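# Understanding the architecture of this molecule
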Amino acid sequence: MSAPATPPHSDAALAAVLLAIDPFGLGGVWVRARVGPALDGWTAFLRSCLSAEMPVRRLPSHVADDRLIGGIDLAATLRSGRTVVERGLLAQSDGGVLVVPMAERMSGATASRLAAALDTGTVTAEREGISAVWPARLAVVAIDEGRDDDDPVPAALLDRLGLAIDLAAAPERYPDDMTGAIERARHRLPEVRIADREREALCAAGLALGVDSLRMAVCALKIARCHAAWSGRGTVDGADLEAAVRLVYALRATQLPAGPEDAAAEEPPPPPSPPQEGDPSSEQATADAAGDRLVEVARAVLPPDLLARLAAGLAPRRPGNSAGRRGEGAASRRRGRPLGSVPGDPRRGDRLNLADTLRAAAPWQRLRGRQGASVIVRPEDFRVVRYKHRSESVTVFVVDASGSSALHRLAEAKGAVELLLAECYVRRDQVALLAFRGAEADLLLPPTRSLVRAKRMLAGLPGGGGTPLASGLDMAAGLARAVRREGRTPSLVVLTDGRANIGRDGEPGREAAGRDATDAARRIAGDSLPALVLDTSPRPRPEAAELAAAMAGLYLPLPQADAAAVSRAVIAARGR
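In this text, all values refer to a predicted model and were calculated from it rather than measured experimentally.

Before going further, it helps to examine the confidence of the model for the chain. When pLDDT is averaged across the chain, the result is 78; 72% of the residues are at 70 or more. In the predicted structure, residues 310-315 sits below a pLDDT of 50 and forms 17 contacts with residues beyond four places in sequence or in another chain. When the criterion is pLDDT under 50, residues 317-327 qualifies, and its contacts beyond four places in sequence or with other chains add up to 49 contacts.

Here the focus is the pattern of salt bridges. Oppositely charged side chains can form a pair if their charged atoms are brought close together. Going through the model one piece at a time under the given rule, you end up with 17 salt bridges. The salt bridge partner of R246 is D11, with a shortest N-O separation of 3.1 Å. One end of the pair, R246, is in helix α12 (residues 238-249); the other, D11, is in helix α1 (residues 11-21), and 235 residues separate them in sequence. As a salt-bridge pair, E198 and R197 come within 3.9 Å of each other at their nearest N and O atoms. Within this structure, D474, R504, D516, D519 and R523 form a network of salt bridges that share partners.

A word on the pairing of strand β7 (residues 130-135). Residues of β7 alternate between two faces, with I130, A132 and W134 buried on one and S131, V133 and P135 left unburied on the opposite face. As paired elements, strand β6 (residues 122-127) and β7 share six bridges and run antiparallel to each other. Residue pairing across strands places T124 opposite V133, the latter belonging to β7.

Moving on: the sheet that holds strand β9 (residues 163-166). Strand order in this open sheet of five strands is β2-β5-β8-β1-β9, and the pairing throughout is parallel. In this open sheet, the two strands that pair with only one neighbour each are β2 (56-58) and β9. Across this sheet, the average inter-strand angle for adjacent strands is 20°, counted without regard to direction. Lying over the sheet, α1 contacts β1 (28-32), β8 (138-144) and β9, oriented at roughly 155° with respect to β9.

Turning our attention to unusual backbone geometry. In this model, M102 sits at a positive phi of 50°, which is unusual for a non-glycine residue. When you line up the elements, M102 lands in the loop between β5 (96-100) and α7 (108-120). The phi dihedral of S528 is positive, around 55°, even though this residue is not glycine. Summarising the element assignment, S528 is placed in the loop between α20 (510-526) and β17 (531-535). With a relative accessible area of 56%, S528 lands in the exposed category.

Assignment of secondary structure puts R383 in strand β12 (residues 383-390). Summary of buried charges: R383 has no salt-bridge partner, and the nearest side chain of opposite charge, D381, is 5.6 Å away. At 3.1 Å, the side chain of R383 forms a polar contact with the backbone oxygen of E380. Excluding anything up to four places from it in sequence, R383 contacts S341, V342, P343, R351, L352, N353, D356, T357 and A360.

A separate point is the environment of S402. In this structure, S402 sits in the loop between β13 (393-400) and α17 (406-427). A C-alpha to C-alpha distance of 4.9 Å links S402 and R437, two positions 35 residues apart in sequence.

Before going further, it helps to examine the nonpolar core. Counting residues in each nonpolar core, the largest one holds 61 residues, and the members touching the most others are I21, V31, W42, V141, I165 and Y249. Examining the composition of this core, we find that 11 residues originate from one element, helix α11 (residues 214-230), more than from any other. Setting aside residues up to four positions removed in sequence, I165 forms contacts with D11, A12, A15, V29, W30, V31, R32, W42, L247 and L251.

A few words on the side chain of T357. Mapped onto the elements of the fold, T357 is located in helix α16 (residues 354-361). At a separation of 2.8 Å, a polar atom in the side chain of T357 contacts the main-chain carbonyl oxygen of N353.

This part covers the sheet that holds β13. Pairing in this open sheet of six strands is mixed, and the strands run β15-β14-β13-β16-β17-β18 from one edge to the other. The sheet terminates laterally at β15 (440-448) and β18 (554-557), the two strands that pair on one side only. The sheet shows a mean angle of 15° between the axes of neighbouring strands, taken without regard to direction. Looking at chain direction, β13 and strand β16 (residues 489-496) are connected through seven bridges and run parallel. Paired with V398 across the strands is V494, a residue of β16.

The rules we used
Residues numbered from 1 in each chain as written. Predicted model: local features only at pLDDT ≥ 70, side-chain atom pairs only at ≥ 80, totals over all residues. Heavy atoms only, no water. pLDDT = per-residue confidence, 0-100. Contact = heavy atoms within 4.5 Å. Salt bridge = Lys/Arg side-chain N within 4 Å of Asp/Glu carboxyl O. Helix = DSSP H or I, 4+ residues; strand = E, 2+ residues; numbered from the N terminus. Buried < 20%, exposed > 50% of the residue type's maximum accessible area, 1.4 Å probe, protein only. Pairing = 2+ DSSP bridges. Axes fitted to C-alpha atoms, helices over the stretch in contact; angles between N-to-C directions. Lys, Arg positive; Asp, Glu negative; His and termini not counted. Polar contact = N/O pair within 3.5 Å; in protein donor to acceptor, adjacent residues only side chain to side chain. Core = buried A, V, L, I, M, F, W, Y, C linked by side-chain atoms within 4.5 Å.

Shown next, in the form of structure tokens:
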């Protein structure tokens, strides 16, 4: 028997090695990295780990369906007079690896196509009068180049990629040729066994980190077995479990696991008598101890930015629907990102897709009596291009300027607006500011990207007086509806303690003012406006939480928040 291979020193190199051992079982790898030497070095090392006969292809940005899943070969069909079908990228990548750059910009439809191929190992083309099925056993390398405020990688794809790495700490050099050791590990893999205790420990570690996907638990088991095979072991041990936790759960964590002090506080009373050997309770205690050790491993390898966001109680950047983060997608006939083609009439202002129109007409040429080089096209063959463009995002800050602590709240709002305005220069988003105090609400800053104007308006904002919360919410909702009618995407950020004492009619009275505020919040929920309530009271109070629940928004207590925390909370609310 050959000597076991030495595991690579970095998780980036280890992920490439494990993917090469079982590419189709692990599904692929999610790589967080920006374009640069670190990404180039890792992809070159991955290619060196793969066998020479495995194809490696790249998925173009905004790929069309006929290129992805296959369709009619237009030139061959028109030349031969019969329907000729060509395979798409998924079928051409059968037995190999498909690299997806800028995966955060992938459309949901493309992600669903890739997910179906990963699930079934085949790709089906049923369009334009054809029906074909090709094998498509492949692994996907999804390169995520986005920032925290960019769109996340679609969940349909990310949930099927077992490995997850961040190249922020990638090594400068990678190991030399490892194909021989990888091949030996691949032959050893079917013989590797994992005990039930280790299975339970991995599942417990995933739950402690907030990773509730069953697919990820299965992938963690597979990666532990691959690591054991690479290390020359026939059974999975603690080192294999730790590698699985680092490579599967670390980047996907959505909550901080309980620390030692929390665990001690929640520890149940000791049993009256120690368990005997072979007792199920003893085995469970051992499994729990193993799970706790894996959780500590995960805490140690959490990326610093993710650790900071989880500690602040903010949602991490995670897959899902991200409409509103950079503006909702709006349909357009003439501009935006092309989404493929649909049957239509170019005389109505839509742009004709000539290639897809010819593909739709090609299968019927013999029946239509085509002669010579001409192509007979009928109205039902017309295909027009669909477009989708991002509308501008407008963040409306609603600031409670009443009471003795108004200056503290306004300082937070000022810092958050300035931070967001700096980002708006890049994303072309806008910010608006309104404040309520005394008996009414005032629009201080209409939607703008002017940093100088925002600073000037915020500097002159007075504080003190009553809390006309309902008036402030009504004005904010009206402004948000006007913004939406203009084709932009609004979101509300309300900084208040939720303790209204001035009603819509301008009269004092907490009970009536509370009812008016709740009614205004429910109207915001009825308009489906994204909202975030920042509780600015010295200690979190139920009034602000109830206000957030009434407007179906996100609630975040910020007793001592700084501007950066407010800005992160706004980004988290947009991504909900």
